[in-house]
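So you can see what is in the structure, the chains are spelled out below.
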Amino acid sequence: MKHFLTSGLLLAAISVASLPVQSQAQDAQTLVVAQPADAYSMDPAKHSAFTTANVLFQIYDALVTQDAEGEIAPALATEWSNPDPLTWRFKLREDVTFHNGEKFDAHAVKYTFDRALDPAFQAPYFSRISAITGVEVVDDYTVDFKTEAPYPTMLLTLYEASFPALIVPPAYAAEEDGAKLAAHPIGTGPYLFVEWLKDERVVLKANPDYWGGAPEIEKVVFRPIKETRTRIAELRSGGVDIAADIPPEDVDSLETDETKISVVPSDFLYFFVFDTTRDTPLTNKLVRQAINHAVDVDAIQAALMNGMGKRIALTLPVNGFAYDPTWEPYAYDPEKAKALLAEAGYPDGFTIKMMSRKGRFLKDAEIIEASAGFLAEVGIKTEIEYLEPGVWGQVSEQKGREGIIFPGWSGRDPNLVWYPLLKTGLYQSYFSNAELDKLLEAGASTIDPEERKEIYSAAAKIIKDEAPHLPMIQPPLIYGLDKTLVWTPRSDGMIDLRAAHYE
Amino acid sequence: MAAFVLSRLFYAILVVFGVSVAVFFLIRMGGDPTSLFLPPDAPVAEIERFRHLMGFDRPLLEQYLAFLGKALRGDFGMSLRYNEPAMALVLDRAPATLALSGSALALSIVIAVPLGIMAAAFRGTVIDRASLVISLIGQSFPAFWLAIMLILLFSETFRILPPSGRGTWQHLIMPSIVLATYSTAIITRLLRSSMIEVLQADYIRTARGKGLSEWRIVMKHGLRNAAIPTITVIGLQVGALLGGAVITEEVFAYPGIGRLAIQAIANRDFTVVQAFVIVMSITIVTINLLVDLSYGLLDPRMRKA
């Protein structure tokens, strides 16, 4: 009996051990991507999550895309111009068909935007495209986007990270009131949809007729794995080939014979906002400057981000429009901070609230607590308050953020960052400066890039001096990869597998 | 008996109804999901427009009556995230969770019942003490920690089990072990103590006096009488297993109901949370009902009660 049991157990153990655990990822023709969340819909205009957009971007294309240098480049549109300041005209590719054979043309573009701009459609990311007042078909392969005011950031509205900008096939998307598209997507992209087992996997296969050239990897699988340790375990055991959102502390241990790390500073911005709308010491410019001098951002970046990411001088990504590499952040100088506080009338410091969400962004709470430590060094005591995400949203709507705030934001153009965050009266703005308002309005309604750069250069001077924010870093986007995979991450967080291949 | 079943059924319906009311209002207390759906830079006017479109600005009572009216006709609303019927989303994932909880429960019983019986039969011996240690460890391991340790050991180091997902029986091994650990410990301890109590009873002494074999005494007279409290606890454990599946499914990226619920709560996907809680409460209430009814089968005296 005993022998029988032991040998039985042994046999079972051996048979388990000899079974191939994950055959798909070892296959050089398959690429498995692990993200923290599953797709929510296969309809690009019906969701509001980057993890969903990453899946859909392999199936669909937008009019324009982002090239390896991070510049906006042609995709389904080959060229564009501004016949007048209220019109963006796009010439379209003439050799593109959707996966089901439907023709891609100006009507498809018009249909895509008319559909998502219809208020009854309830597109969550409606506001990203709502500056478009109309799409007009000029001829089969030319289309005009109309706006009410000059709209300089149109290209960022029409590329893939602006979710509803992915082009859908008109006839198919109208079937069953869109339910078919939401379940079984048809696009013009490099991969064809195969199946979606919710919370389990989305399977795609290469589109041999892709207008941009057939992708090298035959099969792509997206898997939702929320728990970081499990994602890492899958990567280490060969179950996945790209694991997104790797914490900085795991970077060293993933540089092995089988796995490697790929890092890019994200377009995302870490910074503190000072509430100047309430009567606190923060209304004093000297105090805001003092706080900028008091926090050692470089030390925070080195310790919490493993030195990764990018230090920013102003609240704008270094790859953003009009960012000037000669801009300098306030230097870490606690003595100067103390002197400024004394000059402002607070020689013994003061107590102020800090507000944030916790666990929303990479190391957010750690950064807040480290900063609070630096502030304590110069006599500023902080009361940290973490809000639950839903509550945060409602507090924000009522302009209820107080003290020193850690909001997180992204945007590659001052008009997408400074305008909403600094223009007097806007609900996300906790600052007011008449001169800056004028410049921000001018930048928002000027199309000519050179002219805009000058406007924002002047705005930058005011922002530096007034110090409405404490600019910190662009946190890194960290991916763990199969050692043999050749793939480059993008600063906007979109996963593009068009050029991915194995060595 | 019929009256008993009917009265229990009535209370069961009342419980499910009460739970549905509680979850409807509780989940809405933290605010509505509008800000989680829209981009962070959405203007206030857009937030208000969207909120109105989704009906979140209507009075809570009005929203509840609309929900109740539809729910009574079997319509639990559309998921806000997935744009699909909420109840279908939950039920689609039920087989995965049932497979997991079922295998965990089976594992618990297969280990706990012999262990509990042996511990009682060999009270005070090494076997008894070993079972005590095993149950103590089982009760003290946090599921989350145990899951990570198993993944490190069997997926990263030995590479014999897949760390996550669903599909083959190997995918069930680690999650089942994690889920079964706590219940195994509880069931072992409880079966041991009730067996010990029973084995000291007069009728056991009588049975011994009649010269029955120790095996027959323990298995027939002992186990049968110790079964009632044990089955009660196993029934309660089903609830705990379904609840525990939430954490286990999340760690092992196992596509079950629990994982759906966690995401729905984080996203404030009200309709999915409601459908989840209703399904769970119906399941647990049904199991409790079955446990109650099983007493009658095990103990003829209770049939009259």
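None of the values given here were measured: they were computed from a predicted structure.

Asks: Mind showing me how you'd approach the overall build of chain B here?
Replies: Across its full length, chain B holds 13 helices and zero strands. Along chain B, helices and strands appear, N-terminal first, in the series α-α-α-α-α-α-α-α-α-α-α-α-α. Viewed in the frame of its principal axes, chain B has a C-alpha envelope of about 85 × 60 × 30 Å. Scored against the burial criterion, the 305 residues of chain B give a buried share of 49%. Here the contacts in chain B between residues at least 6 apart in sequence split such that 74% fall between residues at least 24 apart. Total accessible area on chain B stands at roughly 14500 Å², and carbon and sulfur atoms take up 72% of it. Each charge class in chain B can be summarised by its mean position, and for the 26 positive and 19 negative side chains these summaries are 13 Å apart.

Asks: Honestly, the packing of aromatic side chains in this entry has me stumped. Any pointers?
Replies: Geometrically, a pair of aromatic rings is defined through the distance of the ring centres and the angle of the planes. With the rule as written, the count across this model stands at 29 aromatic pairs over all chains. Aromatic pair Tyr-346 of chain A and Phe-350 of chain A: ring centres 5.3 Å apart, planes at 65 degrees, arrangement edge-to-face. A relative accessible area of 9% places Phe-350 of chain A in the buried class. Following the ring pairs from residue to residue traces out a cluster consisting of Phe-268, Tyr-270, Phe-272, Phe-361 and Phe-406 of chain A. Looking at Lys-464 of chain A, its charged tip hangs above the ring of Tyr-330 of chain A, at a distance of 4.8 Å from the centre. When the ring centre of Tyr-40 of chain A is taken as reference, the NZ or CZ atom of Arg-81 of chain B above it lies at 4.9 Å.

Asks: What exactly am I supposed to notice about the interface of chain A and chain B here?
Replies: How big an interface is tends to be stated in terms of accessible area lost as the parts join. Each partner contributes residues to the interface: chain A has 46 residues there, and chain B has 51 residues. Taken together, both faces of the contact between chain A and chain B bury some 4400 Å²; the carbon and sulfur share is 50%. The tally of links between chain A and chain B comes to eight salt bridges. With its nearest N and O atoms 3.0 Å apart, the salt bridge here joins Arg-159 of chain B to Glu-258 of chain A.

Asks: What should I look at first to understand a positive patch on the surface in this one?
Replies: The grouping of Lys-210, Arg-216, Lys-220 and Arg-224 of chain B at the surface amounts to a positive patch. Among the structural elements, Arg-224 of chain B can be located in helix α10 (residues 214-251).

Asks: Sorry if this is basic, but what is going on with the environment of Ala-459 of chain A here?
Replies: Residues and elements named next belong to chain A. Within the secondary structure layout, Ala-459 lies in helix α16 (residues 449-466). With 22 residues separating them in the primary sequence, Ala-459 and Asp-437 have C-alpha atoms 8.9 Å apart. Each residue touching Ala-459, except ones within four places of it in the same chain, is listed here: Trp-418, Leu-436 and Leu-439.

Asks: So what exactly am I meant to see when it comes to unusual backbone geometry here?
Replies: All names here are of chain A. Notably, Asp-245 is not glycine yet its phi reads approximately 55 degrees, a positive angle. If you trace the backbone, Asp-245 turns up in the loop between β11 (242-243) and β12 (259-265). For Ala-322, which is not glycine, the phi dihedral falls at a positive 75 degrees. Relative to the helices and strands, Ala-322 resides in the loop between β14 (310-311) and α11 (334-343).

Calculation rules
Residues numbered from 1 in each chain as written. Chains lettered and ligands numbered in written order. Predicted model: local features only at pLDDT ≥ 70, side-chain atom pairs only at ≥ 80, totals over all residues. Heavy atoms only, no water. Helix = DSSP H or I, 4+ residues; strand = E, 2+ residues; numbered from the N terminus. Buried < 20%, exposed > 50% of the residue type's maximum accessible area, 1.4 Å probe, protein only. Contact = heavy atoms within 4.5 Å. Areas by Shrake-Rupley, 256 points an atom, 1.4 Å probe, with all protein chains shown as cover. Lys, Arg positive; Asp, Glu negative; His and termini not counted. Charge placed at Lys NZ, Arg CZ, Asp CG, Glu CD. Phe/Tyr/Trp six-rings, centres within 6.5 Å; stacked < 30°, edge-to-face > 60°. Lys NZ or Arg CZ within 6 Å of the ring centre and 35° of its normal. Buried area = accessible area lost by both parts, 1.4 Å probe. Salt bridge = Lys/Arg side-chain N within 4 Å of Asp/Glu carboxyl O. Patch = residues over 30% accessible without salt bridge, like charges linked within 9 Å, V, L, I, M, F, W, Y side chains within 5 Å.

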